[in-house]
Amino acid sequence: MFPAIEKASKNEINKLQEQLLQETLLYVKSNSEYYKALFLEQNIDVDLIKTIADLQQLPVTTKDDLQKNNDAFLCVPKHKIIDYCTTSGTLGDPVTFGLTDKDLDRLAYNEAISFDVAGVKEGDVVQLMTTIDRRFVAGLAYFLGLRKLGVGVIRVGAGIPQLQWDSILKYQPNYLITVPSFLLKLIEFAEQHNIDYNNSGIKGAICIGEPLRNQDFSPNILAKKITDKWNIKLFSTYASTEMSTAFTECEHSKGGHHHPELIITEILDEQNNPVKSGESGELTITTLGVEGMPLIRFKTGDIVQLYEEPCECGRTTSRVGPVLGRKQQMIKYKGTTLYPPAMHDVLNHFDAVENHLIEISINDLGTDEILIKVASEKASEELLHEIKDYFRAKLRVTPKIEFASVEELNKLVFPAMSRKPIRFFDLR
């Protein structure tokens, strides 16, 4: 399953990407009403875009563009769409993506080679602990990729620790696909019901939706809490509906591996210029081989660093480091720049914190205000002081923190229609 391009030279990788880029630009020029109008309006001749560097001659595509012109991005007649999925939009309404039969094959290939990066092989059994409904593309992608790889799939879905353990004990999967914080609930349930989770046969978990690594690739507090008790390997994977491509860690846990035949990556600064090597910036992508809704220079909103040196696993492709934060979620607080992942990590340090959420608003002075709500059965002034002191030590500032009931926070963090926990509320 291992594509040869992943061990090719940088020159060979660039040559392939530039060939696919030219094909993609000609395709959107002929089939996308949005890009056709954009190229005409800005007098852009895509025949002159030959190299990755030439991409800088093209304007970026934003989430607002995608939302305001959703249908104009579609490159095929609607009868060609096999699957409809949605992703959240910046202006409130979800953005619809139409996938053709060819796109579903591409999605299956992407996930198959991504699982291969994490060490999942033909003959393995994987328990899928994410939803496959609600127009959610990831659950469908995981199933298609595992099927293509020749892997057995147990489709349990999200939540319900008892049902998860019933399936684990009955079907003996060796990998799980899950939101990592849910693994703590599985551990808690196992301990309460005398389940020997370290002898359950689980070798690893492919984790989605929540970060596992600090910026230096060391395990963050959430990852440590899991592996301190459960002797399993955690693999971080990063993807989005817009990218139709995943960046998954190998066993060396040094960033998500790039699939050059599927996507072009750029790291851009505020002025949409490439950052210097080793600097962080906004991940901007151009999809390759997408038939339904290809995107050119789409700004994902995620602030990351790209690592270009070859990996110990033998792959020469670049790697995407841990997401520092989302551009729109950047907070300026008392002179300090903060992103939600850093605050989540501080709160995950405390075993007594059962749940939490972060609210950002604008105060009377027009500056960012942070309110953190914490649920704990051990709520006390002493715990409050410990949390504040830890914030001060780790992030140099102390936001406003207050206790709330477990029931109140659970309703907000796990809403009925949500695909994953929502712990950040931006009210600005």
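Structure first, text after, so check above.
From a predicted model like this one, the values you see are computed outputs, not experimental measurements. Counting restarts for each chain, with residues numbered from 1 along the sequence as it is written. Reporting of local features is limited, given that this is a predicted model, to residues whose pLDDT is at least 70; pairs of side-chain atoms are given and counted only at 80 or more, and all residues count toward the totals for whole chains, interfaces and linings. The side-chain figures draw on all heavy atoms in the structure; neither hydrogens nor water molecules are used.

## Topic: helix α7 (residues 180-192)
Alright, step 1. Think of it this way: any DSSP run of H or I at least four residues long counts as a helix, any run of E at least two long counts as a strand, and we number them from the N terminus. Take the residue count of a helix, subtract one, and multiply by 1.5 Å to get its expected span. With 13 residues, α7 extends 19 Å between its outermost C-alpha atoms, agreeing within 8% with the 18 Å of an ideal straight helix rising 1.5 Å per residue.
Alright, step 2. Using a 1.4 Å probe on the protein chains alone, a residue whose accessible area is under 20% of its type maximum counts as buried, one over 50% counts as exposed, and one in between counts as partly exposed. Of the residues making up α7, those classed as buried are P180, S181, F182, L183, L186, I187, F189 and A190.
Alright, step 3. Only heavy atoms enter the contact rule, under which two residues are in contact if any of them lie within 4.5 Å. Residues of α7 that are buried in the fold lie against α6 (161-171), β5 (175-178), β6 (204-207), α8 (221-227) and β7 (233-240).
Alright, step 4. Looking at the residues trailing α7, positive phi occurs at N194, about 55°.

## Some thoughts on the packing of aromatic side chains
Alright, step 1. Only the six-membered ring of Trp is used, alongside the rings of Phe and Tyr, when aromatic pairs are assigned; centres must lie within 6.5 Å, and planes under 30 degrees apart are stacked while those over 60 apart are edge-to-face, with the rest tilted. Under the defined criterion, the tally for this structure stands at ten aromatic pairs.
Alright, step 2. Ring centres 5.7 Å apart and planes at 70° place the aromatic pair Y197 and W230 in the edge-to-face group. With Y197 in the loop between α7 and β6 and W230 in the loop between α8 and β7, this pair connects stretches of sequence that are 33 residues apart.
Alright, step 3. Look at Y197 and you get buried, because its relative accessible area is 11%.
Alright, step 4. For the ring pair F350 and Y390, a centre distance of 5.6 Å and an interplane angle of 85° mean the geometry is edge-to-face. Here the residue F350 occupies a position in the loop between α9 (340-348) and β17 (355-362), and Y390 occupies one in helix α10 (residues 381-395), the gap between them amounting to 40 residues.
Alright, step 5. Taking relative accessible area as the criterion, F350 reaches 9% and is therefore assigned buried.
Alright, step 6. Residue classification places Y390 among the buried residues on the basis of a relative accessible area of 19%.
Alright, step 7. A network of ring pairs unites the aromatic residues Y34, Y35, F39 and F73 as a single cluster.
Alright, step 8. In this structure, R155 packs its charged tip against the face of F143, placed 6.0 Å from the ring centre.
Alright, step 9. Across from the ring centre of F235, 6.0 Å away, lies the NZ or CZ of K233, which sits over that ring. The rule for a charge over a ring is simple: NZ of Lys or CZ of Arg within 6 Å of the ring centre, and within 35 degrees of the ring normal.

## Focus on the layout of surface pockets
Alright, step 1. The calculated volume of the second largest pocket comes to roughly 530 Å³.
Alright, step 2. Lining the second largest pocket are 23 residues, with I52, T265, E266, L306 and E308 positioned closest to its centre.
Alright, step 3. Going through the elements one at a time, α1 (10-31) and β10 (263-268) are the ones with two or more residues in the lining of the second largest pocket.
Alright, step 4. If one sorts the elements of the lining of the second largest pocket by residue count, β10 sits on top with five residues.
Alright, step 5. Residue composition of the lining of the second largest pocket, by class: nine nonpolar, nine polar and five charged. Here the term cavity refers to a set of points on a 1 Å grid, laid over the protein atoms alone, in which a 1.4 Å probe fits but cannot get out; the term pocket refers to an open set having protein on both sides within 12 Å along at least five of seven lines, with lining residues being those that place an atom within 4 Å of a point. Grid points are joined across faces, edges and corners, and a volume is the space filled by probe spheres set on the points. Residue polarity is assigned by list, with Asp, Glu, Lys and Arg as charged and Ala, Val, Leu, Ile, Met, Phe, Trp, Tyr, Cys and Pro as nonpolar; anything else, Gly included, falls into the polar class.

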